[in-house]
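Fold and geometry: a report
As a plain string of letters, each chain reads:
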Amino acid sequence: LHLDGLFIEEPPRENKFNFDLQISGLPFGGSDNTKATQLRKWIEMVDRMANDESISGMIIDLGTVRAGFSKRWEMRQALDRFKLSGKDIVVYSEYGIGNMDYMLISLADKIIVPDLTGVELKGINVEVQFIRGLLDTLDIVPEVFRVNYSGKSYKTAADPLLYKKMSDEMRENYTSLFAEIYNIYKQNISKGRGWTDTKTAETINIGPCSSQDCFERGIIDSIMYRDDFDKYLSETYKGGIELIESSIFNNENNYIYSWKEKKKKSVAVIYAVGAIQSGESNPGPQGSSVMGDKTIMESIKSARENKDVDAIILRIDSGGGSALASDQMWKEIYNTTVQDSTNIKPFVASMSDVAASGGYWIACQADTIVASPATITGSIGVISVYPNLSQLRKRFGITADKIKFGERSDFMRLENRLSTDDEKKIIQNIINEVYDTFKDKVVDSRESLTEETDMDLLAMGRVFTGMQAKDNEIGSLVDEIGGLDKAISITKDMLGLSNDEEINIIEYPMPQTKAEMIKMQLDQVRTFKAKDIIMNNDPEGYMALIETILSDQNQAI
């Protein structure tokens, strides 16, 4: 098993631009198109190997894993199931083992590295860069509006703009959050190596070590060059070894297509990944950085109205974004669980690394919410940030004059002035109204919360681990602890299925057709070309562009 590279939630898609093109110096292509590995498919592959009687063990060729903490936790759970099936796991890492990678593979029966490498086992460090000092030197004034309670707010995303060090609220919240994540980190290493928690803590505190030092401290089991490792395998397993590439277990058997006869229950898995914005998502070979409300709404509606879909899982990996876009997606989930009486279906939210702020907004209406122990979730709150450049402009002699028609006609036009106290009150009232809406939706959808619950003690931007969100004494923001496999198990139970019964997985958003991909590429090329024509005031270019659009549309069709 080659364990290396980036792990993502969605199926990796072809990049929007997979060709090299330049228009008036604007580069297209040239980005990193290396495909990532889909987490769900990787976990299913490991589980298939665990259940295959012809497989007696796993050799992991470890590189550098790029994945969030919760994704690693789910990957480790899969490796643990493999090991519990009575099979050996041997890890060889030619270039040493990283800090978080060690937690992932610490359960191996043997961990082996070559000489002159080591393990970077060192714990968790949380460091925040503050730029308030820089803004002061540039005369840039950060105008921040956020919910607060008795003068305190845990919605600290803008703190690096406001302060030169952690606020008391940031330090309090981050200490609680990452202490829990550190405990999960230590517990997994302790369990994997058979150490006490005290020994694990002491080992971590000593810090990174060379291969020889790691061997003496029991962090690794042996030091071997690659050829010696091959000999070790043949000597250890004297009956002989048949090596099989793990990729042969990566099949498509659990997909259903519209032209296939439906034999099993089908569950839609909708990937809600990236910063939340209005419009379309931007899937690519390394996943989405933007979650577009239009894309996700269409996916939820399509799954709800698809007679082949029996239940829906919303897989979330997002730190939030636009409140408006979040609410639009929430409404489609509300339709699926309450309003669309002819198409109500079981709906489960499964949280990956992060489901915070807008990421939690879209989760709260689900019938059941599942999070990993370390999922960063909550952040029920609202914040708005305006980097006011008026003082910087004034410093360089840029001034403005105006004529107003209407008392509020220049509302928040902050290019050349600071906001007034009156404007600040208006913005703060809007922020508070959005916050109250957010809280109301959480209370209405969560059985453990009532109108009497003091939501400000759960909200105000506070973030929790999945475990903290589930066990909070004020009320649970999460129902169950586990990964996507747990969400699927819960969904099966909702459908009256046993856990060992097979289901079809239908993934959303659906892949684009070739014609849609061509049209999207052409749309983006034309956008840049049009900007180029406008900037150069090129009349002939306008006519050429119109002709190109008409021609390209026919080609796409």
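Our subject in this report is the structure included herewith. Since the structure is predicted, the reported quantities are computational estimates derived from the model, not experimental observations. (Residues numbered from 1 in each chain as written. Predicted model: local features only at pLDDT ≥ 70, side-chain atom pairs only at ≥ 80, totals over all residues. Heavy atoms only, no water.)

**Regarding the overall build of the chain**
Quick note on the threshold: Secondary structure counts use DSSP, requiring at least four H or I residues in a row for a helix and at least two E residues in a row for a strand, with both numbered from the N terminus. In this scheme, a residue with accessible area under 20% of its type's maximum is buried, one over 50% is exposed, and one in between is partly exposed, where area comes from a 1.4 Å probe on protein chains only. Contacts are residue-level and defined by heavy atoms, with any inter-residue pair within 4.5 Å sufficient. Using a 1.4 Å probe, accessible areas were evaluated by the Shrake-Rupley method; residue-level cover was limited to the displayed protein chains.
Of regular secondary structure, the chain possesses 18 helices and 22 strands. The buried share of the chain, taken over its 557 residues, is 49%. Sequence-distant contacts, at least 24 apart, represent 72% of the contacts inside the chain between residues at least 6 apart. Accessible surface for the chain amounts to roughly 27600 Å². Of this, 51% is attributable to carbon and sulfur atoms.

**Some thoughts on the pairing of strand β22 (residues 504–508)**
Defined as follows: Pairing between strands is defined by DSSP: at least two bridges between them are needed.
Summarising burial for β22: five of the five residues are buried, a large majority. What you see with β22 is no split at all: N504, I506 and Y508 on one side and I505 and E507 on the other are buried throughout. With five bridges joining them, strand β12 (residues 266–273) and β22 adopt parallel strand pairing. Its bridge partner being in β22, V267 is matched across the sheet by I505.

**Points about the side chain of S190**
Within the secondary structure, S190 is located in helix α6 (residues 168–193). We classify S190 as buried; its relative accessible area is 4%. Leave out the neighbours within four places in its chain, and S190 touches W195, T196, D197 and T200.

**Regarding the state of the cysteines**
Definition in use: Disulfides are defined in this document as cysteine sulfur pairs within 2.5 Å.
Under the counting rule described, the total for this entry stands at one disulfide. Two residues share a disulfide in this structure: C209 and C214, whose sulfurs sit 2.0 Å from each other. Of note, the bridge from C209 to C214 carries an S-S torsion of about 95 degrees and is right-handed in sense.

**Structural notes on helix α1 (residues 39–51)**
Worth spelling out the cut-off: Helix span is expected to be 1.5 Å times the residue number reduced by one.
Spanning 13 residues, α1 covers 19 Å between terminal C-alpha atoms, matching the ideal 18 Å at 1.5 Å per step. The element α1 is largely enclosed, with a buried count of eleven among its 13 residues. Residues of α1 that are buried include every one of L39, R40, K41, W42, I43, E44, M45, V46, D47, M49 and A50, and no others.

**Notes on the pattern of salt bridges**
Stated precisely, the cut-off is as follows: What counts as a salt bridge is simple: a side-chain nitrogen of Lys or Arg found within 4 Å of a carboxyl oxygen of Asp or Glu.
A full pass over the atoms with the stated rule returns 36 salt bridges. Here R217 makes a salt bridge to D213, at a shortest N to O gap of 3.4 Å.

**A closer look at the environment of N432**
Within the secondary structure layout, N432 lies in helix α14 (residues 421–445). Between the C-alpha atom of N432 and that of V147, which follows or precedes it by 285 residues, the distance is 6.1 Å.

**Thoughts on the pairing of β12**
Most of β12 is tucked away: eight of the eight residues are buried. Here β12 pairs with strand β15 (residues 311–318) via seven bridges, running parallel. Across the sheet, the residue bridging to Y271 is R315, located in β15.

**Some details on the nonpolar core**
Going by this rule: Working definition of a nonpolar core: buried Ala, Val, Leu, Ile, Met, Phe, Trp, Tyr and Cys residues. They are joined through side-chain atoms within 4.5 Å.
Of all hydrophobic cores here, the largest spans 53 residues; its most connected members are Y360, V442 and L477. Here this core gets six residues from one element, more than from any other, and that element is α14. Leaving out residues up to four positions away in the same chain, L477 has contacts with Y360, I369, G378, I380, V442, R446, L449, L458, F464 and A469. Residues W42, V46, F82 and W195 belong to the second largest nonpolar core, which totals 49 residues.

**Here's the deal with the sheet that holds strand β11 (residues 222–223)**
Within a sheet, each strand pairs with its neighbour through backbone hydrogen bonds, oriented either parallel or antiparallel. To keep things clear, this is the line we draw: Lines fitted to the C-alpha atoms define the axes, with helices restricted to the stretch that makes contact. Angles between their N-to-C directions range from 0 to 180 degrees.
Sheet architecture is open: six strands sit in the order β4-β1-β5-β6-β7-β11, paired in parallel fashion. The outermost strands of the open sheet, each flanked by one partner alone, are β4 (37–38) and β11. The sheet contact formed by strand β1 (residues 2–8) and strand β5 (residues 57–66) spans four bridges and is parallel. Along β5, the bridge assignment pairs G5 with V65. Taken strand by strand, helix α2 (residues 69–84) contacts β1, β5 and β6 (88–92), and its axis lies near 175 degrees from that of β5.

**What to know about unusual backbone geometry**
Of note, the bond from Y508 into P509 is cis; its omega dihedral lies within 30 degrees of zero at -5 degrees. Residue L116 is not a glycine yet carries a positive backbone phi of 70 degrees. Positionally, L116 belongs in the loop between β7 (110–113) and β8 (118–119). With a phi angle near 60 degrees, D139 is a residue other than glycine that sits in the positive phi range. If you trace the backbone, D139 turns up in the loop between α4 (132–137) and β9 (141–146).

**Examining the environment of F7**
Counting through the fold element by element, F7 comes out in strand β1. A relative accessible area of 3% means that F7 is categorised as buried. Note: C-alpha distance between F7 and W42 (35 residues apart in sequence) is 8.8 Å.

**Remarks on the packing of aromatic side chains**
What describes a pair of aromatic rings is the distance from one ring centre to the other and the angle between the planes of the rings. Worth spelling out the cut-off: A pair of aromatic rings is counted whenever rings of Phe, Tyr or Trp (Trp by its six-membered ring) have centres within 6.5 Å, and the orientation is called stacked for planes under 30 degrees apart, edge-to-face for over 60 and tilted otherwise. A positively charged side chain is recorded as over a ring if its NZ (Lys) or CZ (Arg) lies within 6 Å of the ring centre. The angle to the ring normal must also be within 35 degrees.
Under the defined criterion, the tally for this structure stands at eight aromatic pairs. Each ring, one from F229 and one from Y232, has its centre 6.4 Å from the other, and the planes form 25 degrees; the classification is stacked. Taken together, the positions of F229 and Y232, both in helix α9 (residues 226–236) and three residues apart, correspond to about one turn of that helix. For the cation-ring pair, K441 lies above W330, with the distance from its terminal atom to the ring centre recorded as 3.8 Å.

**Structural notes on the packing of helix α10 (residues 293–305) against helix α11 (residues 323–339)**
Put simply, the rule is: In this scheme, roughly parallel covers angles under 35 degrees and roughly antiparallel covers those over 145, while 65 to 115 is roughly perpendicular and the rest are oblique. Under the convention adopted here, Pro, Cys and the residues Ala, Val, Leu, Ile, Met, Phe, Trp and Tyr are nonpolar, Asp, Glu, Lys and Arg are charged, and Gly plus all remaining residues are polar.
Interaxial distance between α10 and α11 falls to 9 Å at its minimum, and their mutual angle equals 5 degrees. With respect to α11, the element α10 is oriented roughly parallel. Counting all contacts with α10, which are made through D293, I296, M297, I300, K301 and R304, the residues of α11 involved are A325, Q328, M329, E332, I333, N335 and T336. For the contact of α10 with α11, the class distribution of residues is six nonpolar, three polar and four charged.

**Topic: the packing of α1 against α2**
Each pair of packed helices can be summarised by the angle the axes make with each other and by the distance between the axes. The geometry of α1 relative to α2 is characterised by a closest axis approach of 8 Å and an angle of 10 degrees between their N-to-C directions. It follows that α1 is roughly parallel to α2 by the angle criterion. Contact residues: α1 offers L39, W42, I43, V46, D47, M49 and A50, while α2 offers K71, E74, M75, A78, L79, R81 and F82. The class makeup of the residues in the contact of α1 with α2 is ten nonpolar, no polar and four charged.

**Some words on a nonpolar patch on the surface**
Put simply, the rule reads: In this scheme, patches are assembled from residues that exceed 30% relative accessible area and form no salt bridge. Like charges are connected within 9 Å, while nonpolar side chains (Val, Leu, Ile, Met, Phe, Trp, Tyr) are connected within 5 Å.
Taken together, the side chains of I131, L134 and L138 present a nonpolar region at the surface, about 230 Å² in accessible area. Inspection of the secondary structure puts I131 in the loop between β8 and α4. Look at I131 and you get partly exposed, because its relative accessible area is 33%.

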